[in-house]
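Architecture at a glance
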Amino acid sequence: MAKRQIGIDLDAGTLRVAILQQEKGEPAQISLGRRTYVDETELATALKELVGTELHYGDRFATALPAREGFVRRLSFPFADPKKIAAALSFELASQLPLSIEDCVTDFQRPLPGPEGGFSVTAAAVRADGIPPLLTAFEEAQIPLQTIDLAPFAYAKGLKEQVDEGILACLQGQEITVSLVLEGRLADYRILPLPAGQSA
């Protein structure tokens, strides 16, 4: 049976779903769908319509939170051990956030050698109260969401094979992100606000 990778985009009341079917590791079919919704119940219904009620063994579901939902900081550590970084992350991030670290979910990318020794780590914090509503809709649709990433990091990761280096721009209903991608990794980005009353 073909494996499916399902990417789900939520943007200003619009649901977009991209389904990539793979056979023997090669892309076999891509299908795209779009629906609008006004609340979690409608979102759950739209998810069922676009994904289907019959899930396949090995289906992988991923979605991304809008870039404006996260606080991204670049931190320096004298070590590269992921376990040590995870243990120290909250302490290092706490003083750089406009809210309590206790109210956030955090994560980080693999460390890179720093320009002046040590290691540079890109870390992100997201308000924890913004995640449950998203999960509720997926639970109502009985869809197992395996990955929640943060835009535009999710886009760079998903397009790594197509955009190894370059400028990646994403225009959505709530925000515009322009990202610099180097060696398949998001090096920097900017969030551009939309004029009041306008959408991309």
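The paragraphs below set out a description of the structure included in this document. (Residues numbered from 1 in each chain as written. Predicted model: local features only at pLDDT ≥ 70, side-chain atom pairs only at ≥ 80, totals over all residues. Heavy atoms only, no water.)

What the largest pocket holds in volume is close to 1400 Å³. Along its surface, the largest pocket is lined by 37 residues, and Gly7, Ala18, Ala154, Gly158 and Leu159 are the ones closest to its centre. The set of elements that each furnish at least two residues to the lining of the largest pocket consists of β1 (3-11), β2 (14-23), β3 (26-36), β4 (60-65), β9 (147-150), α4 (153-158) and β10 (166-171). Among the elements that make up the lining of the largest pocket, the one with the highest residue count is β2 (6 residues). For the lining of the largest pocket, the per-class residue count stands at 19 nonpolar, 10 polar and 8 charged. In this structure, the second largest pocket occupies an estimated 820 Å³ of space. Around the second largest pocket, the lining comprises 33 residues; the ones closest to its centre are Phe108, Gln109, Thr122, Phe153 and Lys157. Looking at the lining of the second largest pocket, the elements with two or more residues in it are β6 (104-108), β7 (112-113), β8 (119-127), β9, α4 and β12 (185-192). Examining the composition of the lining of the second largest pocket, we find that 6 residues originate from one element, β8, more than from any other. Of the residues contributing to the lining of the second largest pocket, the split by class is 18 nonpolar, 7 polar and 8 charged. (1 Å grid on protein atoms, 1.4 Å probe; cavity = no way out; pocket = protein on both sides within 12 Å on 5 of 7 lines; lining within 4 Å. Points joined across faces, edges and corners; volume = space filled by probe spheres on them. Helix = DSSP H or I, 4+ residues; strand = E, 2+ residues; numbered from the N terminus. Nonpolar A, V, L, I, M, F, W, Y, C, P; charged D, E, K, R; others polar.)

Below, the discussion takes up empty space enclosed by the protein. On inspection of all chains with the given rule, the structure shows 1 cavity of 30 Å³ or more. Considering only enclosed or pocket space, the largest cavity measures out at about 50 Å³ in volume. Along the walls of the largest cavity sit Asp9, Leu10, Asp11, Ala64, Leu65, Pro66, Arg68, Tyr155, Gln172, Gln174 and Glu175, which together make up its complete lining. Looking at which element gives the most residues to the lining of the largest cavity, the answer is β1, with 3 residues. Looking at the lining of the largest cavity residue by residue, the class counts come to 5 nonpolar, 2 polar and 4 charged.

Next up on the list: the nonpolar core. Counting 38 residues, the largest nonpolar core has Ile8, Leu15, Val17 and Leu47 as the members making the most contacts within it. The biggest single contributor to this core is helix α1 (residues 40-51), with 6 residues. With residues up to four places along the chain from it excluded, the contact list for Ile8 reads Leu15, Arg16, Val17, Leu47, Phe61, Ala62, Thr63, Ala64 and Phe138. Ile85, Leu93, Leu97 and Ala125 belong to the second-largest nonpolar core, a separate cluster that totals 12 residues. (Core = buried A, V, L, I, M, F, W, Y, C linked by side-chain atoms within 4.5 Å. Buried < 20%, exposed > 50% of the residue type's maximum accessible area, 1.4 Å probe, protein only. Contact = heavy atoms within 4.5 Å.)

The next thing to look at is the pairing of β2. Relative to β2, β1 is paired through 9 bridges, and the arrangement is antiparallel. Note on β2: the bridge partner recorded for Asp11 is Thr14. (Pairing = 2+ DSSP bridges.)

We now examine the side chain of Thr122. Take Thr122: it is sitting in strand β8. Contact partners of Thr122, with chain neighbours within four places excluded, come to Val72, Arg73, Arg74, Asp107, Phe108, Gln109 and Phe153.

A surface patch of negative charge is lined by Asp39, Glu40, Glu42, Glu139 and Glu140. Contributing elements (two or more residues each) for the negative patch: α1 and α3 (132-140). Within the secondary structure, Glu139 is located in helix α3. (Patch = residues over 30% accessible without salt bridge, like charges linked within 9 Å, V, L, I, M, F, W, Y side chains within 5 Å. Areas by Shrake-Rupley, 256 points an atom, 1.4 Å probe, with all protein chains shown as cover. Salt bridge = Lys/Arg side-chain N within 4 Å of Asp/Glu carboxyl O. Lys, Arg positive; Asp, Glu negative; His and termini not counted. Charge placed at Lys NZ, Arg CZ, Asp CG, Glu CD.)

It is worth spelling out the sheet that holds β10 at this point. One open sheet holds the 3 strands; their spatial order is β10-β11-β12, and the pairing between them is antiparallel. Sheet topology places β10 and β12 at the edges, where each strand pairs with a single neighbour. Across the sheet, the mean angle from the axis of one strand to that of its neighbour is 20 degrees, orientation sign disregarded. Pairing between β10 and strand β11 (residues 176-182): 6 bridges, direction antiparallel. Counterpart to Gly166 in the pairing with β11 is Val181. (Axes fitted to C-alpha atoms, helices over the stretch in contact; angles between N-to-C directions.)

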